[in-house]
Amino acid sequence: MSDAGFELTCPAPLPAGERVLLGHGSGGRLSEALLRDVFLPAFSNPVLAQLNDQAEVCVNGHRLAFTTDSFVVQPLFFPGGDIGSLAVHGTVNDLVVGGARPLCLSAAFIIEEGLPMETLRRVVSSLREAAAEAGVDVVTGDTKVVEKGGADGLFLNTSGIGLVPEGVRLSADHARPGDRILLSGPIGEHGIAVLAQREGLELEGPIKSDSAALHGLVAAILAATTKVRCMRDPTRGGLSAALNEIAVQSRVGMVIDERAIPVRAEVQGACELLGLDPLYVANEGKLVAIVEASAADSALAAMRGDPLGMDARIIGRVCDTHPGVVEMRTAIGTTRIVDLLTGDQLPRIC
Amino acid sequence: MKYIDEYRNEKTARRLAAKLERLVTRRWVLMEICGGQTHTILRYGLDQLLPEKVRLVHGPGCPVCVTPLEMIDRALYLASRPNVTFVSYGDMLRVPGSKSDLLQVKAAGGDVRVVYSPLQALEIARAHPERDVVFFAIGFETTAPANAKAVWQARHEGLTNFSVLASHVLVPPAIRLLLKSPRNLVQGFVAPGHVCTVMGYREYAALSREFHVPVVVGGFEPTDLLEAVVMLVSQLEEGRAEVENQYARAVKREGNRPARKLVTKVFRVCDRKWRGMGFIPRSGLRLRRKYARHDAEQRFDLTGFSAEEPAECRSAEVLQGLAEPIECPAFGKRCTPQHPLGALMVSAEGACSAYYRYRGWEVIPEGGLP
């Protein structure tokens, strides 16, 4: 072979995309770009600039937490939950990870014409039960019906208001070198449960979504220590996105230990099969807490005392090297970085 | 978890690394062929455990990366047609053609669907007889049997609305090309374990004899790869050049006979262009004439696609093991997974993408990745 046999070439870059892609909603770098290029410049204000899961606004000396979330999950019902309970858990969790006590919720329904009334009733009933369990009322709502094809069965939006108690100050920019990183339990269950149900994958052993309201778990931690810096529920984008966001906003590095991160065998197996990394798979009932080192053990004990935190672990620590980067000690003792993905994880060919 | 934990074990990894340290007396350059192996090497930072004298370079075994630009343009053209449902494995969706990618075609209204198996594409064809369902049949010998099965089944059932856009490639001709190059640096190969589960490793024995080069069939877990490296270095240090099988729990010498038979029944060997490497004689598979009705290239007019690949990045040198991704001036700057210059930055198994994901911060300035 002569060298001319090889063409030392590669394609030119694509022009900037002109349309919104599904990946813009993935919680990865495309989502980050959408926020940075479209939304933040339009609405620029100091509260929004905090980029926490909830906005904190001060009214007559009271600190109110305010958040909103939309739910477009398919299928509407999945092992371990449904769109109704998920819509409560998602919004309640966004409030409580800011330290707030949830006060009330709104619920807005966008319904595709033709949806069986029975389906709607089941979702509403599940939403009501989940709200009752979380101790919040749905105090206002809205209904829109769109033509067939205008929505995929049912979309839901919930907003929530909570009250932040005196003395509680949690924010994603509060992490400091030396802090410990706590995780409340095994990761990846929600994402894999929904994926398996949607794609009809026959996996060994049932995988249930971890969808749950974290108000009790958070209250237990905050009662045990005042030395919590910040908390996140690692939803879309998974544990990786939650840690990367905190690392960037606090301008600190992180080192986590792969062997300390719990993953159930069923989830691990499904991920191996599909070529997915559980670090990037969504959770809906897990908590990441960054806690001062001196209080890490008491926070861990408090987590383990709650049914939703029984498998809690300390998975790593915050450091002052490589700010904005999450590093992981692998199962074989080497290191690598845990980056944000561009868009959704794509199943691999082989 | 069985078959996972014992191959991701720190003790075993350290023991193999220590053994390697004792064995090696000279500098050796080794290549792993398969993109899945490249991914493991970077994901587990295996190079951190290797002696300085042993260098791993990354081969052309990422099927997404070597699919030629004009084939992707054909896929984009088909996916844009109103009557076509275009079905693909997930990681092809982000690969740039000359103007767009499948994700953008989908966003613009194209009916593009992701499946985990070509048999799911058959189900779509059965459920939608009014649609022309085209499956993007790419990959090495590993995916060929399932794709062959889908085509065979479609013919058997008389499923006339199902076809495949086939861009299969074969590993041994690419290794031959690398070994014949006067610029070749590679002294030993880790052969692709999954390809060999189908094909066996007789072809690699022939290559080993002809070029007097050691080949070890390797698995995909970190200690699999370390063990394969130990076996290669042992051969090199002892002056041997043989085929050995590290991945014996999955690979037999003769491979999977029924799978090979099915592949031969449906496909025939053809010349194939590889992205970044050019035309390689007898390096691909295309459908036999008997299955022409299920061949998208026969069913649709796909002539007249030619794509210029301007010299923007150094993928081809990386594919041959002549350069490391981080030696490319565009790496992490003008070329990132968000804005890939070449396919090696797109696929999770592409060497550039793996370097970026697991190593990026070492070469990219402070303050995080761009």
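Peer 1: Lay out the overall build of chain B with the relevant residues and their values.
Peer 2: A count of helical and extended segments in chain B gives 15 helices and 11 strands. Principal axes of the C-alpha set define a box for chain B whose edges measure 65 × 50 × 45 Å. The 370 residues of chain B split such that 59% are buried. For chain B, the proportion of contacts with a sequence separation of at least 24, taken over those separated by at least 6, is 77%.

Peer 1: Any details on the domain arrangement of chain A? Residues and values, ideally.
Peer 2: All names here are of chain A. Entries for chain A in the domain assignment read domain 1 (51-163) and domain 2 (180-337). With 24 residues of domain 1 at the interface, the matching set in domain 2 holds 24 residues. Counting residues per element, the ones that place at least two in the side of domain 1 that touches domain 2 are α3 (83-96) and α4 (117-134). Looking at which element gives the most residues to the side of domain 1 that touches domain 2, the answer is α3, with eight residues. Taken together, the residues of the side of domain 1 that touches domain 2 sort by class into 13 nonpolar, nine polar and two charged.

Peer 1: Give me the lowdown on the sheet that holds strand β6 (residues 137-146) of chain A, citing residues and values where you can.
Peer 2: All names here are of chain A. Pairing within the open sheet is mixed, and its five strands lie in the order β1-β2-β7-β5-β6. Bordering the open sheet on either side are β1 (55-59) and β6, each of which pairs with just one other strand. Ignoring strand direction, the axes of neighbouring strands in this sheet form an average angle of 20°. Sheet topology places strand β2 (residues 62-71) next to strand β7 (residues 154-163); eight bridges connect them, and they run antiparallel. Looking at the pairing, Thr 68 lines up with Ser 159 of β7.

Peer 1: Explain unusual backbone geometry residue by residue, including any values.
Peer 2: Residue and element names in this part refer to chain A. Residues Gln 74 and Pro 75 are joined by a peptide bond in cis, for which omega reads 0°. Here Pro 75 is to be found in the loop between β2 and β3 (77-78). At Leu 51, a residue that is not glycine, the phi angle is positive and equals roughly 55°. Within the element layout of this structure, Leu 51 appears in the loop between α2 (46-49) and β1.

Peer 1: Go over the packing of α3(A) against α4(A), please, and point to the residues and values.
Peer 2: Residue and element names in this part refer to chain A. Between α3 and α4, the least distance of the axes is 6 Å, while the angle of their chain directions is 30°. Helix-helix and strand crossings are classified by hand; for α3 and α4 the assignment is right-handed. Where α3 approaches α4, its residues Ile 83, Gly 84, Ser 85, Ala 87, Val 88, His 89 and Val 92 are matched on the opposing element by Val 123, Val 124, Ser 126, Leu 127, Ala 130, Ala 131 and Ala 134. Looking at the contact of α3 with α4, its residues break down into 10 nonpolar, four polar and no charged.

Peer 1: Lay out the domain arrangement of chain B in plain terms, naming residues and giving numbers.
Peer 2: All names here are of chain B. Domains assigned within chain B are domain 1 (5-61 + 171-245), domain 2 (65-169 + 255-299) and domain 3 (315-363). For domain 1 versus domain 2, the separation of C-alpha centres amounts to 30 Å. Listed per partner, the contact involves 15 residues of domain 1 and 16 residues of domain 2. Listed by contribution, the elements that provide at least two residues to the side of domain 1 that touches domain 2 are β2 (54-61), α8 (171-180) and α9 (193-199). The dominant element in the side of domain 1 that touches domain 2, judged by the number of residues it contributes, is α9, at six residues. Here the side of domain 1 that touches domain 2 is composed, by residue class, of 10 nonpolar, five polar and no charged.

Peer 1: An account of the nonpolar core is needed here, citing residue identities and associated values.
Peer 2: Counting residues in each nonpolar core, the largest one holds 214 residues, and the members touching the most others are Leu182(A), Ala289(A), Ala299(A), Ala75(B), Val134(B), Ala191(B) and Val229(B). At nine residues, helix α11 (residues 222-238) of chain B tops the list of elements feeding residues into this core. Not counting chain neighbours up to four residues away, the residues in contact with Val134(B) comprise Leu78(B), Val84(B), Phe86(B), Val87(B), Ser163(B), Val164(B), Leu165(B) and Ala296(B).

Peer 1: Please give an account of the packing of helix α6 (residues 118-127) of chain B against helix α7 (residues 144-157) of chain B that cites residues and values.
Peer 2: Residues and elements named next belong to chain B. Between α6 and α7, whose axes approach to 8 Å, the crossing angle comes to 25°. Overall, the two elements α6 and α7 adopt an arrangement that is roughly parallel. Along its contact with α6, which presents Pro 118, Leu 119, Ala 121 and Leu 122, the element α7 presents Ala 146, Asn 147, Ala 150, Gln 153 and Ala 154. Here the residues of the contact of α6 with α7 are counted per class, giving seven nonpolar, two polar and no charged.

Peer 1: Kindly report on α8(B), identifying the contributing residues and their values.
Peer 2: Most of α8(B) is tucked away: eight of the 10 residues are buried. Listing the buried residues of α8(B) in full gives Val171(B), Pro172(B), Pro173(B), Ala174(B), Ile175(B), Arg176(B), Leu177(B) and Leu178(B).

Peer 1: Go over the confidence of the model for chain A with me, naming the residues and quoting the values.
Peer 2: Residues at a pLDDT of 70 or more form 93% of chain A, whose mean pLDDT is 91. Confidence over residues 1-16 of chain A falls short of pLDDT 50; this stretch has 38 contacts with residues more than four positions distant or in other chains.

Peer 1: Which residues make up the sheet that holds strand β1 (residues 28-34) of chain B, and what values go with them?
Peer 2: Residue and element names in this part refer to chain B. The strand order across the open sheet built from five strands is β2-β1-β7-β8-β9, with neighbouring strands paired in parallel fashion. Of all the strands in the sheet, the pair left with one neighbour each is β2 and β9 (243-245). Between one strand axis and the next, the sheet turns by 25° as a mean value, whatever way the strands run. As judged from the three bridges shared by β1 and strand β7 (residues 188-192), these two strands associate in the parallel manner. The partner of Leu 30 across the bridge, within β7, is Gly 188. This element, helix α2 (residues 35-43), spans β1, β2, β7 and β8 (215-218) of the sheet and lies at about 120° to β1.

Quick notes on the rules
Residues numbered from 1 in each chain as written. Chains lettered and ligands numbered in written order. Predicted model: local features only at pLDDT ≥ 70, side-chain atom pairs only at ≥ 80, totals over all residues. Helix = DSSP H or I, 4+ residues; strand = E, 2+ residues; numbered from the N terminus. Buried ≥ 20, exposed ≤ 12 C-beta atoms within 10 Å, placed from the backbone. Contact = placed C-beta atoms within 7 Å. Domains from an automatic or database assignment. Nonpolar A, V, L, I, M, F, W, Y, C, P; charged D, E, K, R; others polar. Pairing = 2+ DSSP bridges. Axes fitted to C-alpha atoms, helices over the stretch in contact; angles between N-to-C directions. Left-handed = near helix turned anticlockwise from the far one by under 90°. Core = buried A, V, L, I, M, F, W, Y, C linked by C-beta atoms within 7 Å. Parallel < 35°, antiparallel > 145°, perpendicular 65-115°, else oblique. pLDDT = per-residue confidence, 0-100.

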